[in-house]
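Given next are the chains, with one letter for each unit.
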Amino acid sequence: MKKILFICLISILVLSACGQKETKENHEGHEDHIAHLANGDIQETTASTDVLPTFLDNQSEDMQLVYQAAAKAHDVLKWIPCYCGCGDSAGHKDNFNCFVQEIKENGEVVWDDHGTRCAACLETAVTSIKMVQEGKSLVEIRNTIDEAYKEGYAAPTKTPMPS
């Protein structure tokens, strides 16, 4: 049953990530918390990981769940590279940055909308989080992701290997 749900979730995420466009009108009145980066990404700051950014308002509930799970999985995703090219285009260091730029000391979260447009980012995060739930080690997760994306994808982010 879990495998079926996982496959359905991945399918929904991939489909919802394709073709979704962010509009500036969605952010009127939030300009002080939203940054539009040169690479096209939008970053928005919220009070915590429990408060999702407004750029997710028009996204599917599944997309919102992935973002919330990714934000809470920093200790895992900081060890997992992304293979979509965002290391070069956006300066991302790991898969976590596809969803969250940083979590500040005061708990505020700087979210990044990059993951809303990238199936590789979504699949990497979902697979990594699922493998943690299955009891896999960080090294096992990293090796699985590296193997899955070794051909046909961009160079990985410069993410250190977990020990």
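What comes next concerns the included structure.

Cut-off values and rules
Residues numbered from 1 in each chain as written. Predicted model: local features only at pLDDT ≥ 70, side-chain atom pairs only at ≥ 80, totals over all residues. Heavy atoms only, no water. Helix = DSSP H or I, 4+ residues; strand = E, 2+ residues; numbered from the N terminus. Buried < 20%, exposed > 50% of the residue type's maximum accessible area, 1.4 Å probe, protein only. Contact = heavy atoms within 4.5 Å. Areas by Shrake-Rupley, 256 points an atom, 1.4 Å probe, with all protein chains shown as cover. Axes fitted to C-alpha atoms, helices over the stretch in contact; angles between N-to-C directions. Parallel < 35°, antiparallel > 145°, perpendicular 65-115°, else oblique. Left-handed = near helix turned anticlockwise from the far one by under 90°. Pairing = 2+ DSSP bridges. Expected span 1.5 Å × (residues − 1). Polar contact = N/O pair within 3.5 Å; in protein donor to acceptor, adjacent residues only side chain to side chain.

What about the overall build of the protein?
When you go through the protein residue by residue, the secondary structure sums to six helices and four strands. Starting at the N terminus, the α and β elements of the protein follow one another as α-β-β-α-α-α-β-β-α-α. For the protein, the residues scored as buried account for 41% of the 163 residues in total. Relative to all contacts within the protein whose residues are 6 or more apart in sequence, the contacts with residues 24 or more apart total 64%. Counting only carbon and sulfur atoms, one obtains 54% of the accessible surface of the protein, whose full area is about 8800 Å².

Observations regarding the packing of helix 5 (residues 119-133) against helix 6 (residues 138-148)
Relative orientation of the contacting elements helix 5 and helix 6 amounts to 150°, with a least axis distance of 10 Å. Our classification of the angle between helix 5 and helix 6 gives roughly antiparallel. The hand of the helix 5/helix 6 crossing is right-handed. In this structure, helix 5 uses Thr124, Thr127, Ser128, Met131 and Val132 to contact helix 6, whose residues at the interface are Glu140, Ile141, Thr144 and Ile145.

Points about the sheet that holds strand 1 (residues 34-36)
Across the sheet, four strands lie side by side as 1-2-4-3; this open sheet has antiparallel pairing. Taken across any chain shown, the strands that pair with only one partner, and hence form the sheet edges, are strand 1 and strand 3 (100-103). Within this sheet the neighbouring strands show an average axis-to-axis angle of 15°, counted without direction. Strand direction decides the pairing type here: strand 3 and strand 4 (residues 109-112), joined by three bridges, are antiparallel. Bridge assignment links Val100 to a residue of strand 4, and that residue is Trp111.

Re the pairing of strand 4
Residues Val109 and Trp111 point to one face of strand 4 and Val110 and Asp112 to the other, with burial holding for every one of them. Note that strand 2 (residues 42-46) and strand 4 share four bridges and pair antiparallel. Paired with Glu44 across the strands is Trp111, a residue of strand 4. Hairpin connection from strand 3 to strand 4: five residues lie between these consecutive antiparallel strands, with Gly107 at a positive phi of about 95°.

Observations regarding helix 5
Look at helix 5: 21 Å from first C-alpha to last across 15 residues, which is about the 21 Å you get at 1.5 Å a residue. Directly after helix 5, the chain includes Gly135, whose backbone phi takes a positive value near 90°.

Looking at the side chain of Asn97
Within the fold, Asn97 resides in the loop between helix 4 (86-89) and strand 3. At 3.1 Å, the side chain of Asn97 forms a polar contact with the backbone oxygen of Val100. With residues near it in sequence (within four places) discarded, Asn97 still touches His92 and Asp112.

Honestly, that's just the spatial picture; any functional story needs more than this.
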